[in-house]
Amino acid sequence: MRYVIATLLLLTLTGCVVWYSNDLSHIGTPPNPNDPRQAGMLTPEVLRRILAGASDSLQEREMKGEIDDAKFHELMTEAANRLLDEVDIGRIPPKQAWEYGEIYITAQRWQDAKKALQIAVKAAKSDDRRVNDNLHLARVMAELNDVPGAIATARSTFDAPDGATAPILPATLLEIVKAGQGKGHDAELAALLEDAIKCEMRTIVDPKSKPGEDFLAARPFHIRHAWRKVVELYQSAGKIKEADAAEKRAEQMLSEQAGA
């Protein structure tokens, strides 16, 4: 029964795609197919709205025990893929490329995500966009097994000012390293992650804001987790001396944090 429901959900999403892409909501004169302004490509806002509806429905099923977390992500990936089939990546507006890139990541369409994010990186006008778009691009490159390229791309964000470095450690630890581990570059990933920890340590946030408060509360956890991963990566690369040295640096930093 649950697979029937999932099929109906995907059919509904497909119907939404057809509805939007054919501009059936337009009242009056039918759209001119030769007018690029009326060509009907799904905008990021529409894609997010449809996917949010799918996510809500699937989360409700997950809470009821009808599907598990793995099935939730599988169905979300399928839904995102169906929607993105209607997007012409060659017509993506540069200012919206980062939004499409994030949706391509949801769909695990790594080559398309790379193309969109490369456009986004070139279009980035602020440190916030430059940092986030390059980190997403680095994760995608790691998924595509270009771990050296991913490391270089991630490192390009490490010169960001202190007020723009908050995303670096979480993205490096939870996305880039996760995607790149075990592909022959674990020692380089360990060094990358240790330098990302340094970025985390110098990050400045507004402690009176909710995001700033959340960041400061999570920072000790992220740093401890990251140091454990640094040691693990050196060990998996057969770099035992480096792993032992990293463990000592971790103990020193964590001790200093506890005494601060």
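About the cut-offs
- Residues numbered from 1 in each chain as written.
- Predicted model: local features only at pLDDT ≥ 70, side-chain atom pairs only at ≥ 80, totals over all residues.
- Heavy atoms only, no water.
- Helix = DSSP H or I, 4+ residues; strand = E, 2+ residues; numbered from the N terminus.
- Buried < 20%, exposed > 50% of the residue type's maximum accessible area, 1.4 Å probe, protein only.
- Contact = heavy atoms within 4.5 Å.
- Areas by Shrake-Rupley, 256 points an atom, 1.4 Å probe, with all protein chains shown as cover.
- Salt bridge = Lys/Arg side-chain N within 4 Å of Asp/Glu carboxyl O.
- Phe/Tyr/Trp six-rings, centres within 6.5 Å; stacked < 30°, edge-to-face > 60°.
- Lys NZ or Arg CZ within 6 Å of the ring centre and 35° of its normal.
- 1 Å grid on protein atoms, 1.4 Å probe; cavity = no way out; pocket = protein on both sides within 12 Å on 5 of 7 lines; lining within 4 Å.
- Points joined across faces, edges and corners; volume = space filled by probe spheres on them.
- Expected span 1.5 Å × (residues − 1).
- Arc of directions from axis to C-beta.

Caption draft 1: Spatial organisation of the overall build of the chain. Scanning the chain from N- to C-terminus turns up 11 helices and zero strands. Each of the 260 residues in the chain was classed as buried or not, and the buried ones make up 42%. Intrachain contacts of the chain at a sequence separation of at least 6 include 65% that bridge at least 24 residues. With an accessible surface of roughly 13900 Å², the chain has 54% of that area assigned to carbon and sulfur atoms.

Caption draft 2: Unusual backbone geometry, seen in detail. A positive phi angle, close to 60°, is found at Q108, a residue other than glycine. The topology assignment puts Q108 in the loop between α4 (97-106) and α5 (110-123). The exposure class assigned to Q108 is partly exposed, which follows from its relative accessible area of 47%. Positive phi, close to 70°, is recorded for N145, a residue that is not glycine. Note on placement: N145 falls in the loop between α6 (127-143) and α7 (147-155). N145 sits in the exposed class, given a relative accessible area of 53%.

Caption draft 3: Region of interest: the pattern of salt bridges. Summed over the entire model, instances satisfying the criterion amount to 17 salt bridges. A salt bridge links R155 to D195; the nearest nitrogen and oxygen atoms lie 2.7 Å apart. In this pair, R155 sits in helix α7 while D195 sits in helix α9 (residues 186-202), placing the two residues 40 residues apart along the sequence. The exposure class assigned to D195 is partly exposed, which follows from its relative accessible area of 21%. Connected through salt bridges with shared partners, the residues R48, E99 and E102 form a single ionic network.

Caption draft 4: Molecular detail of the packing of aromatic side chains. This structure, assessed with the given rule, holds zero aromatic pairs. Between R129 and the ring centre of W98, over which it is positioned, the NZ or CZ distance is 3.9 Å.

Caption draft 5: Structural view of the layout of surface pockets. Considering only enclosed or pocket space, the largest pocket measures out at about 450 Å³ in volume. In terms of lining, the largest pocket is formed by 16 residues, of which the most central are H73, I105, T106, Q108 and R139. Counting residues per element, the ones that place at least two in the lining of the largest pocket are α3 (69-84), α4, α6 and α8 (168-180).

Caption draft 6: Structural context of the environment of R155. The exposure class assigned to R155 is partly exposed, which follows from its relative accessible area of 32%. Taking C-alpha positions, R155 is 9.9 Å from L193, a pair spaced 38 residues apart along the chain. Setting aside chain neighbours within four positions, we find R155 in contact with A191, L192 and D195.

Caption draft 7: Just helix α2 (residues 44-63), in detail. Given a rise of 1.5 Å per residue, 20 residues ought to cover 28 Å, and the 28 Å separating the end C-alpha atoms of α2 matches this to within 8%. Three or more residues of α2 are buried, namely P44, V46, L47, I50, L51, A54, S55, L58 and R61. Burial along α2 is one-sided: seen end-on, the buried residues are contained in an arc of 165°. Exposed residues lying more than 90 degrees from the buried face of α2 are D56 and M63. One or two steps after α2, the chain reaches G65, where phi turns positive at roughly 85°.

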